[in-house]
Amino acid sequence: MALDSRIPGGPLENKWSERKDHMKMVNPSNKRKYTVIVVGTGLAGGAAAASLGELGYNVLNFCYQDSPRRAHSIAAQGGINGAKNYQNDGDSVYRLFYDTIKGGDFRAREANVYRLAEVSVNIIDQCAAQGVPFGREYGGTLANRSFGGAQVSRTFYARGQTGQQLLLGAYQALERQVATGQVKMYSRHEMLDLVLIDGRARGIVVRNLETGKIQSFIGDAVMLCTGGYANAFYLSTNAKNCNTSAIWRAHRRGALFANPCYTQIHPTCIPKSGDYQSKLTLMSESLRNDGRIWVPKKKGEQRPVDQIPEEDRDYYLERIYPSYGNLAPRDVSSRQAKYRCDEGLGVGPGGLGVYLDFSEAIKRLGQNVIAERYGNLFEMYERITGENPYQVPMRIYPAAHYTMGGLWVDYDLMSNVPGLFVGGEANFSDHGANRLGASALMQGLADGYFVLPLTVGDYLASGGIKKADTSHAAFKDAEREINTRLDKLLGAKGKRTVDSYWRELGTILWDECGMARSKESLQRALTKIPVLREEYWKNLKVPGSGNDFNQELEKANRVADFFELGELLCADALDRNESCGGHFRTEYQTPDGEAKRNDAEYAYVAAWGWKGENQKPELHKEPLVYEKIQLATRSYK
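These numbers come from a predicted model, not from an experiment. (Residues numbered from 1 in each chain as written. Predicted model: local features only at pLDDT ≥ 70, side-chain atom pairs only at ≥ 80, totals over all residues. Heavy atoms only, no water.)

A. Quick look at the domain arrangement of the chain. Taken domain by domain, the chain consists of domain 1 (36-262 + 402-461), domain 2 (265-400) and domain 3 (473-615). In this assembly, 52 residues from domain 1 lie in contact with 57 residues from domain 3. Interface of domain 1 and domain 3: buried area, both sides summed, is about 4,500 Å²; carbon and sulfur atoms make up 59% of it. Per-residue buried area on domain 1 facing domain 3 is highest for Arg107, Phe233 and Tyr234; these three make up 16% of the total on that side. Joining domain 1 to domain 3, the criterion identifies 27 residue pairs in polar contact (both at pLDDT 80 or more). Of all elements in the fold, only strand S6 (189-197), strand S7 (200-208), strand S8 (214-218), helix H7 (245-252) and strand S10 (257-258) reach the threshold of two or more residues within the side of domain 1 that touches domain 3. At 6 residues, the largest contribution of residues to the side of domain 1 that touches domain 3 is made by S6. Of the residues in the side of domain 1 that touches domain 3, the class split is 28 nonpolar, 12 polar and 12 charged. (Domains from an automatic or database assignment. Contact = heavy atoms within 4.5 Å. Buried area = accessible area lost by both parts, 1.4 Å probe. Polar contact = N/O pair within 3.5 Å; in protein donor to acceptor, adjacent residues only side chain to side chain. Helix = DSSP H or I, 4+ residues; strand = E, 2+ residues; numbered from the N terminus. Nonpolar A, V, L, I, M, F, W, Y, C, P; charged D, E, K, R; others polar.)

B. A look at the side chain of Ser73. When you line up the elements, Ser73 lands in the loop between strand S2 (58-62) and strand S3 (80-81). A distance of 3.1 Å separates a polar side-chain atom of Ser73 from the backbone nitrogen of Leu43. If we skip the residues at most four places from it in the chain, Ser73 touches Gly42, Leu43, Gly163, Gln164, Leu167 and Leu441.

C. How the structure looks around helix H12 (residues 440-461). For H12, with 22 residues, the first-to-last C-alpha span of 30 Å sits near the 32 Å given by 1.5 Å per residue. With 18 of 22 residues buried, H12 lies mostly within the body of the structure. Immediately downstream of H12, the backbone of Gly463 shows phi near 80 degrees, a positive value. (Expected span 1.5 Å × (residues − 1). Buried < 20%, exposed > 50% of the residue type's maximum accessible area, 1.4 Å probe, protein only.)

D. Focus on the packing of helix H6 (residues 162-180) against H12. At a minimum axis separation of 11 Å, H6 and H12 run at an interaxial angle of 10 degrees. Regarding the angle of H6 to H12, the classification is roughly parallel. Taken together, the residues of H12 that come into contact with H6 (itself represented by Thr162, Gly163, Leu166, Gly169 and Ala170) are Leu441, Leu445 and Tyr449. Its residues assigned to classes, the contact of H6 with H12 shows 5 nonpolar, 3 polar and no charged. (Axes fitted to C-alpha atoms, helices over the stretch in contact; angles between N-to-C directions. Parallel < 35°, antiparallel > 145°, perpendicular 65-115°, else oblique.)

E. Geometry of the environment of Asn85. By the element assignment, Asn85 lies in the loop between S3 and helix H4 (93-103). Asn85 sits in the partly exposed class, given a relative accessible area of 26%. A C-alpha to C-alpha distance of 24 Å links Asn85 and Lys637, two positions 552 residues apart in sequence. Those residues in contact with Asn85 that lie beyond four places of it in its chain are Gly90 and Asp91. A polar contact is formed between the side chain of Asn85 and the backbone nitrogen of Asp89, at a distance of 3.1 Å.

F. Seen up close, the layout of surface pockets. A volume near 990 Å³ is recorded for the second largest pocket. If you go around the second largest pocket, you meet 34 residues; those closest to its centre are Glu564, Trp610, Gly612, Glu613 and Asn614. Listed by contribution, the elements that provide at least two residues to the lining of the second largest pocket are S6, H7, helix H13 (473-491), helix H15 (519-539) and helix H16 (551-575). Broken down by element, the lining of the second largest pocket gets its largest block of residues, 7 residues, from H16. Taken together, the residues of the lining of the second largest pocket break down into 13 nonpolar, 5 polar and 16 charged. Residues from two domains meet in the lining of the second largest pocket; each of domain 1 (36-262 + 402-461) and domain 3 (473-615) gives at least three. (1 Å grid on protein atoms, 1.4 Å probe; cavity = no way out; pocket = protein on both sides within 12 Å on 5 of 7 lines; lining within 4 Å. Points joined across faces, edges and corners; volume = space filled by probe spheres on them.)

G. Structural context of the pattern of salt bridges. Scanning the entire structure with this criterion turns up 57 salt bridges. Of the charged contacts, one joins Glu564 and Arg252 as a salt bridge, the two residues approaching to 2.9 Å between their closest N and O atoms. On the criterion of sequence distance, the pair formed by Glu564 in helix H16 and Arg252 in helix H7 is long-range, its members being 312 residues apart. Taking relative accessible area as the criterion, Glu564 reaches 13% and is therefore assigned buried. (Salt bridge = Lys/Arg side-chain N within 4 Å of Asp/Glu carboxyl O.)

H. Molecular detail of the packing of aromatic side chains. Applying the stated criterion across every chain yields a total of 29 aromatic pairs. One aromatic cluster is present, built from ring pairs that chain together Tyr94, Phe97, Tyr98, Phe106 and Tyr114. Above the face of the Trp502 ring, Lys240 is positioned so that its terminal group lies 3.9 Å from the ring centre. If you follow Arg496 out to its NZ or CZ, it ends over the ring of Tyr501, 3.9 Å from the centre. (Phe/Tyr/Trp six-rings, centres within 6.5 Å; stacked < 30°, edge-to-face > 60°. Lys NZ or Arg CZ within 6 Å of the ring centre and 35° of its normal.)

I. Representation of the nonpolar core within the structure. If you look at the biggest cluster of nonpolar residues, it comprises 182 residues, and the most contacted ones within it are Ile80, Ile204, Met223, Leu420 and Tyr536. In this view, Tyr536 contacts Leu489, Val498, Tyr501, Ala556, Val559, Ala560 and Phe563; residues no more than four positions away in its chain are not counted. Counting 6 residues, the second-largest nonpolar core is a separate cluster that includes Val305, Ile308, Tyr315 and Tyr355. (Core = buried A, V, L, I, M, F, W, Y, C linked by side-chain atoms within 4.5 Å.)

J. Broad picture of the sheet that holds strand S19 (residues 618-623). Strand order in the open sheet made by the 4 strands is S16-S10-S18-S19, with antiparallel pairing throughout. In this open sheet, the two edge strands, each paired with only one partner strand, are strand S16 (406-407) and S19. Both S10 and strand S18 (residues 604-609) contribute to a ladder of 2 bridges, which runs antiparallel. In the strand pairing of S18, Ala258 is matched with Ala607. Contacting S10, S18 and S19, H16 runs over the sheet at an angle of about 140 degrees to S18. (Pairing = 2+ DSSP bridges.)

Here is the structure:
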């Protein structure tokens, strides 16, 4: 399959303007004749649904939460990037573009990343106009702070609640369209399949999570903004209901899945406390502005932390990466924390932690300033651990967080399936092998407010969409397949719970394909996962029925998808014989432990096609061509 990314010609800085200038248009009176299905109500989905409604399209918006405002975007803490250069510190659209390409270890599509940096300027104005309470300087101007992988301050924030405030802004815009009737909201509905008619994405099949009823909905285009798949690891920073089913079912219907092995490990999370734990808690990367990361220099250090003098502390990020210090990118910082713990220098239970220390900042700035910047984060940490971070350092350790892989999309954010658009974390397009902090919120809003509402219109105006309804055989076939699948899950009558299998799968993925991978570990995973998956379908125990509210059935259905995705994730990691960003193959590293890329053979997007259950997926390659930048060895030293 030839992958046409449909990148416009001309200079990089003119590509988005060129694309917009030549898009086909739908006139205002005709927009009301089209229906667009949007799955997801986070920043990408909520912003897209609100924008499409504002333009006059009929929008059907779906989420599995009880309210659109409970989308996982609400959990983002530290900030959103924007190349406004308010600090007059040398920032620019180009610098944000380059930092993002470099942060992704030169494995992202150049044109998409430049557009993201270009649009970032407008996002801040949009959100401020919606009333998002960004932090401000004494004189009233919007404040900025630094984030990893950058040497400028370009991150706008609302204390440690930026995701919440941005989502509330998008939610208000969405609810305005719900009130007008342009958007119909279906909460507590989970997408279980994508329906194609004449090769085009035309609808979805959902399950009403309150009643168990299976329903079909038809539209002229389908948009998936359903987040990432880090919960395949079981323990992650994601909300427990975050899953991959929407994009995975689209993959099974023909949509290519790109770069699944690019998973991000966040360096600043509260360490695991026991096997009883069901998720992990993120501590914002913004804390690394004022917190210093260190471990004791001696193994087996027994002194209380406040009695370990400076000369016996290793501020290892500051030592190894003096140009960036504690604000080194996430993949680099995570690996260095792992190295310290592997050497026996870790702190806390099991030695799986490093210190994030604010004592110097409190002395320099005062506790009131630190409380003003991070107070809610400090309170959350103390409630979870029982330790006061104003008095003792936080203990942090890396955890599965974000996924850079996702469904393959072209420049218009349309998948290889015509009419299927994918936004936010659900697509692969903008972050390469590692995402810089504060760029997830930026991408979600860029896609939802400024890209998808235009590119969907171009697709609809191109014509060729035949009239159909949910009585079409394609919908009936999809409903029948879903019912058969649910009956099979309920009918296993085995002895093991969904959570026990999910935890075991997650342990395999974390141990064999987590912060470090090798040929041997990936081969082990690819041997273990199919065996466990086969047992899952035979020995699973799902109580209740499919005709009512049944959270165990919901979970069982999602975990079945995690099994298939986990196998693809490991296969992709095994196929990529290099290290880059979050994909760290231990065989491919520099003498000082940094990732070693192989640009001659692997400077491409790996887009995998579904060939059927228990069949080897088919690899398609999109070469990464850089016009504006030169491939270089990534260095933060």
